[in-house]
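Chain and residue survey
Now for the letters of each chain:
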Amino acid sequence: MFHPVRRASTAPRGRHGTIVLLVAILVLTMVAGAVVPAPRRALAASATTTTALNLRSGPGTSYPVLRVMPQGATVTVDGDPQNGFYRTVYAGTEGWASSSFLSLGGGGGGGATTGTATTTTSLNLRAGAGTGYSVLRVMPAGSTVTLTGQQANGFVSVTYQGTAGWAASQYLTSGGTSGGDDGGGNTGSTGACADAEERAFLGLINDYRAANGLPRLQLSASLSGAADYHSVDMANKNYFSHTLANGVTWLQNIANFGYTYNTYQGENIAAGNQSASATFDQWRNSPSHNATMLNPNFTAIGIGRAYNGNATYDWYWTTTFGGYVDAALTC
C-alpha cells in the first residue's frame, strides 16, 4: 500500500514499511563529468568516514547495503583492500566499505603524488577536493594532467591546460608518478555502480516502456551518481525531499555529477520498499510518477537506493532521468 502523493511536495508519514513518493521534472538545463575516488594503502587500524558511506556485505557496489555509516563515523579496517574496498567493522556490524571515502588513522595513504596522469573518462576539474565544489572546466577523456602533490577525500590536486584544481583519482591513470597509492588508476568500481535490485529496476522500467511503444533507457554514469548520492543522503540524514539536506536542489545535484546538458530532466523518489518490483509498483500506481517513467523525451536514467535501519522509512530510492545519453555505466 502507499499514501496518496502530489507532485514535488509530498510530506512522508508513518514508520517502517510506510511508502512515500515524490516526483520532479524540469525541461532544459546544462555542463558535464562524473566523479568518485580510488583505493589507499592497506592498514589494520581505525579510520574515519569522509562522507555518508554504505557498509556493504561484500567488496563491491553490487553487494547489498547493510547500513549507512554517517560522515565522521569511526570504523575499524583490516587487511588489504579488495576491488577498492576494505573489510570494515562499524558499531558491531562487519562488512566492506569503499577505501575512497575512508581517512585512515596512523599513516598510510597520505603520500604526495607528483608527475602526470591521464583521464580515463570525461572528468570535472573542481575548485576543491569534493563534489560540493564548483566545476572549473570539464577535461575530456584522454587528457593529460599534471599532479601537483596533494590528496584529500579521494581527490588529487592537478593542473590542466594552465588551470589548477582537483580531480577524482578514480578516473586518473598515473604514469611516471612517485609516492602514489598502491593499486592506482581506474581499477576500482565507482560508488554509482548498480546493484542487483537497481539493475532489476532497469529491466522493469525498460520492459514497461517497450510495452508502451517507447525506447529503452540507457543507464547513465552521471545520472546514477546523482541518484545514488541523493538516496544515501536521504537515508543517512533521515529526510524525504527532492531538495537535499544541504539545500541543493535535485537539479543541481544532477549537475554536480556532470549531467548538465540542455535537455529534459526529471527525478522520482520513493521510500519504504527494499525491492525493485515493489518500488516500481509504487511509481507505476502514482499518475505523476508513472508519467515520468513513460516520458518519451527521456533516453537516459540513473538509479540509486540506500538503506538505514535507523531512518524513518529504512529504504530510499531515487531515479534520475535525462533526454541525452552520455557516458554509460559499465560496472
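Analysis parameters
Residues numbered from 1 in each chain as written. Predicted model: local features only at pLDDT ≥ 70, side-chain atom pairs only at ≥ 80, totals over all residues. Heavy atoms only, no water. Salt bridge = Lys/Arg side-chain N within 4 Å of Asp/Glu carboxyl O. Buried < 20%, exposed > 50% of the residue type's maximum accessible area, 1.4 Å probe, protein only. Helix = DSSP H or I, 4+ residues; strand = E, 2+ residues; numbered from the N terminus. Pairing = 2+ DSSP bridges. pLDDT = per-residue confidence, 0-100. Contact = heavy atoms within 4.5 Å. Phe/Tyr/Trp six-rings, centres within 6.5 Å; stacked < 30°, edge-to-face > 60°. Core = buried A, V, L, I, M, F, W, Y, C linked by side-chain atoms within 4.5 Å.

A few words now on the pattern of salt bridges. Per the counting criterion, the structure on display carries 5 salt bridges. One salt bridge in this structure joins E94 and R87, with 3.1 Å as the shortest N-O distance. Judged by relative accessible area, which is 47%, E94 ranks as partly exposed. On the basis of relative accessibility, which here comes to 34%, the residue R87 falls in the partly exposed class. The salt bridge partner of R284 is D281, with a shortest N-O separation of 2.7 Å. With R284 and D281 both in helix 4 (residues 276–284), this residue pair falls 3 residues apart, about one helical turn. A relative accessible area of 36% places R284 in the partly exposed class.

Our next topic: the pairing of strand 18 (residues 300–307). Of all 8 residues in strand 18, 7 are buried; the element is thus mostly enclosed. Note: strand 16 (residues 218–219) against strand 18, 2 bridges, orientation parallel. From the neighbouring strand, Q218 faces strand 18, where its bridge partner is A300. Of the pairings in the sheet, the one linking strand 18 to strand 19 (residues 315–322) comprises 8 bridges and is antiparallel in character. Paired with I303 across the strands is T319, a residue of strand 19.

Moving on: the confidence of the model for the protein chain. Across the protein chain, the average pLDDT comes to 74, with 72% of residues at or above 70. Across the protein chain, the element-wise mean pLDDT spans from 48 in strand 15 (residues 172–178) up to 96 in helix 4. Here residues 106–113 scores under 50 on pLDDT; set against residues more than four positions off or in separate chains, the count is 22 contacts. Within the model, pLDDT remains below 50 along residues 175–191, and this stretch shows 47 contacts once partners closer than five positions in the same chain are excluded.

Moving on, we get to the packing of aromatic side chains. Taken as a whole, this structure holds 11 aromatic pairs when the rule is applied. Between F201 and W283 the ring centres are 5.4 Å apart and the planes differ by 85°, which places this aromatic pair in the edge-to-face class. With F201 in helix 1 (residues 196–211) and W283 in helix 4, this residue pair connects regions lying 82 residues apart in the sequence. Each of the two residues, F201 as well as W283, counts as buried. Note on F201 and W317: the rings are 6.0 Å apart at their centroids and 45° apart in plane angle, and the pair reads as tilted. Within this pair, whereas F201 is found in helix 1, its partner W317 is found in strand 19, the two being separated by 116 residues in sequence. Accessibility classification places F201 together with W317 in one group, the buried group. Following the ring pairs from residue to residue traces out a cluster consisting of F201, Y208, F280, W283 and W317.

With that settled, the discussion passes to the nonpolar core. F201, I205, M293, I301, I303 and F321 are the most contacted members of the largest nonpolar core, which has 19 residues in total. Taken together, the elements giving at least two residues each to this core come down to helix 1, helix 4, strand 18 and strand 19. Among the elements that line this core, the one with the most residues is helix 1, at 4 residues. Among all residues touching F201, those that are not within four sequence positions of it are A276, F280, W283, M293, I301, I303, W317 and T319.

Attention now goes to unusual backbone geometry. Phi angles above zero are rare outside glycine, and Q161 is one such case at about 50°. Classification of Q161 by relative accessible area gives exposed; the value is 58%.

Let us now look at the environment of S57. With respect to the element layout, S57 can be found in the loop between strand 3 (53–56) and strand 4 (65–69). It is 8.0 Å that separates the C-alpha atoms of S57 and E94, two residues lying 37 residues apart in sequence.

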